[in-house]
Amino acid sequence: MGNCGGIPAAQGRPRDKPPVKDPDTSTDVSPSPGAEDGTGGTPALRKRSTRLEDIALRVGVSRSEVSRVLNGRIREGRSVGRAKQEMIWQVAREMNYQPNRAAQSLARGKTDSVALLLKLDSRRELFPHYHEIVGALTYTLNEWGLNLMLVQSDDDQTPTLERLARARPCDAVILTDMQVDDPRPDLLERMDLPFMIRGSAPRPGLTAVGMDNAAVGYKAIEFLKRLGHRRILFQNIGRSFMAGQRRWEGFQKACEEFGLTDSVRYEDMFYKEDEMYALTRRLFSEADPPTAIFAADEFAAFGVLRALSDMGIAVPDRVSVLTCLNARFMRRIQPNLSVINVRQDEVAAEAGRTLARILRGENIEARQTFLSPILEEHGSCAPPPAR
């Protein structure tokens, strides 16, 4: 039978409209019954959540000011002061304010993500210091409502950075393992992609947070000299790295100051565990081997300890061993090594906080910030044996 007049079959009851996302909350706003047919219904929240108006009421500012602060759109000289900004963020956390990230990202052109470039070899192994860096950055950025994105890159990071600049899957990049002639800051400035350096900046005018590696080099020699050592092996990471160059500068200063220029051996050609194992065995097969060794990192220290153990040479009775604490697991190995703590997690956390403040719209001076190393004595260093 045909349809004899009336409402066509395809036009039955009007379809419910899909919910609309409020970009300032994580709640769906759906039309309530009657809202569309004139029977007096009004839009209602399915579930009440904290709104910008709630925060504004608590703080005593306008809704638009709260939105500008939380979305990083601070107007220099026109927005509320630093104390009021901090109060807005504090109240937002107390009221468990949860913005709709997807809607905000579309509206603001922001992703709330920060990229950290990593280089993995074919064994897919990370150097120990990266574990500290990733953990500290993830935790710190999360406190500021940001996500850490790990990006694999090759030795030449230019193609990766260009891809990030085109696609913009992140709001900023964190650079690490800086080279003396590092091209990445200039490249990112040309591509207008914000970045932060975790380490030593290769030139002035860049925002960077790092370890004072000149103090690391100086402190290693000063400490071993204070114990009475003169025949010292100082193993460094390559001087093509900013960290290695600055350690060398501190090492040179200490050697000249303490009159050790002719008795200390400097080495930066060997840095892998097996290479340091072979170098240690060779040195202790010669006359007048070192009475103290400074190993640049954990892997180098493992190579030194393994060689000394295989040769039956006791630490610290016959030789003192000092290294850098890049990863906290070093405190668990035996013998418990004396270390210069380069505070990888603290450096990364401070870099994360600084970058978060920049992305939030704060005016941060572009300068280098250094944290100081801490010497921790754990029994692997002692005065040299009597001859």
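Predicted, not measured: the structure shown is a model, and the values here were computed from it.

Visitor: Break down the confidence of the model for the chain for me, with residues and values.
Guide: Here the chain shows a mean pLDDT of 85. Residues at 70 or above account for 83%. Within the model, pLDDT remains below 50 along residues 1–46, and this stretch shows 55 contacts once partners closer than five positions in the same chain are excluded.

Visitor: So what's going on with the nonpolar core? Which residues, and what values?
Guide: One finds I221, V264, F294 and L322 to be the most contacted residues of the largest nonpolar core, which totals 42 residues. At seven residues, helix 12 (residues 344–359) tops the list of elements feeding residues into this core. Each residue touching F294, except ones within four places of it in the same chain, is listed here: V216, A220, L233, F234, Q235, R247, L322, T323, C324 and I340.

Visitor: A description of helix 11 (residues 298–310) should follow, citing residues and the corresponding values.
Guide: The end-to-end C-alpha distance of helix 11 is 18 Å, a good match for the 18 Å that 13 residues give at a rise of 1.5 Å each. Looking at helix 11, one finds that the buried residues are E298, A300, A301, G303, V304, L305, A307 and L308. Of the surrounding elements, those touching the buried residues of helix 11 are helix 5 (128–143), strand 9 (232–235), helix 10 (273–283), strand 11 (292–295) and strand 12 (320–325). Two or three places before F299, at the opening of helix 11, D297 has a side-chain oxygen 3.3 Å from that residue's backbone nitrogen.

Visitor: Describe in detail the packing of aromatic side chains, supporting the description with residues and values.
Guide: To describe a pair of aromatic rings, one takes the distance between the centres and the angle between the planes. For the coordinates displayed, the defined rule picks out five aromatic pairs. The interplanar angle of 15° and the centroid separation of 6.2 Å between the aromatic rings of F234 and Y266 together place this pair among those described as stacked. With F234 in strand 9 and Y266 in strand 10 (residues 264–267), this residue pair connects regions lying 32 residues apart in the sequence. F234 gets classed as buried once you look at its relative accessible area, which sits at 0%.

Visitor: How would you sum up the layout of surface pockets? Please name residues and give values.
Guide: In this structure, the largest pocket spans a volume of roughly 1,500 Å³. Looking at the largest pocket, it is lined by 49 residues, and the ones nearest its centre are F127, H129, Y130, D177 and F241. Broken down by secondary-structure element, the contributors of at least two residues to the lining of the largest pocket are strand 4 (113–118), helix 5, strand 6 (172–176), strand 8 (208–211), helix 9 (242–257), helix 10, helix 11 and helix 12. Of the residues assigned to the lining of the largest pocket, the class counts are 20 nonpolar, twelve polar and 17 charged.

Visitor: Any chance you could break down helix 2 (residues 63–70) for me, citing the residues and the numbers?
Guide: Taking burial as the measure, the eight residues of helix 2 include six buried ones, the bulk of the element. Lining the buried residues of helix 2 we find helix 1 (52–59) and helix 3 (82–94). G72 sits one or two positions beyond helix 2 and adopts a positive phi of about 70°.

Visitor: Before we move on, can you summarise the sheet that holds strand 4 with the specific residues and values?
Guide: Strand order in the open sheet formed by six strands is 5-4-6-7-8-14, and the pairing between neighbours is parallel. Edge positions in the sheet fall to strand 5 (147–152) and strand 14 (368–371), since each of these pairs with one other strand and no more. Ignoring which end each strand starts from, the neighbouring axes of this sheet average 25° apart. Relative to strand 14, strand 8 is paired through four bridges, and the arrangement is parallel. When the bridges of strand 14 are listed, M211 appears paired with L371.

Visitor: An account of the pattern of salt bridges is requested, with residue identities and associated values reported.
Guide: What the rule picks out here adds up to 19 salt bridges. The salt bridge involving E222 is made with R226; its shortest N-O contact spans 3.3 Å. Residue E222 and its partner R226 are located together in helix 8 (residues 213–226), separated by four residues, close to a single helical turn. Residue E222 is classed as partly exposed on the basis of its relative accessible area, which comes to 23%. The exposure class assigned to R226 is exposed, which follows from its relative accessible area of 52%.

Rules behind the numbers
Residues numbered from 1 in each chain as written. Predicted model: local features only at pLDDT ≥ 70, side-chain atom pairs only at ≥ 80, totals over all residues. Heavy atoms only, no water. pLDDT = per-residue confidence, 0-100. Contact = heavy atoms within 4.5 Å. Core = buried A, V, L, I, M, F, W, Y, C linked by side-chain atoms within 4.5 Å. Buried < 20%, exposed > 50% of the residue type's maximum accessible area, 1.4 Å probe, protein only. Helix = DSSP H or I, 4+ residues; strand = E, 2+ residues; numbered from the N terminus. Expected span 1.5 Å × (residues − 1). Polar contact = N/O pair within 3.5 Å; in protein donor to acceptor, adjacent residues only side chain to side chain. Phe/Tyr/Trp six-rings, centres within 6.5 Å; stacked < 30°, edge-to-face > 60°. 1 Å grid on protein atoms, 1.4 Å probe; cavity = no way out; pocket = protein on both sides within 12 Å on 5 of 7 lines; lining within 4 Å. Points joined across faces, edges and corners; volume = space filled by probe spheres on them. Nonpolar A, V, L, I, M, F, W, Y, C, P; charged D, E, K, R; others polar. Pairing = 2+ DSSP bridges. Axes fitted to C-alpha atoms, helices over the stretch in contact; angles between N-to-C directions. Salt bridge = Lys/Arg side-chain N within 4 Å of Asp/Glu carboxyl O.

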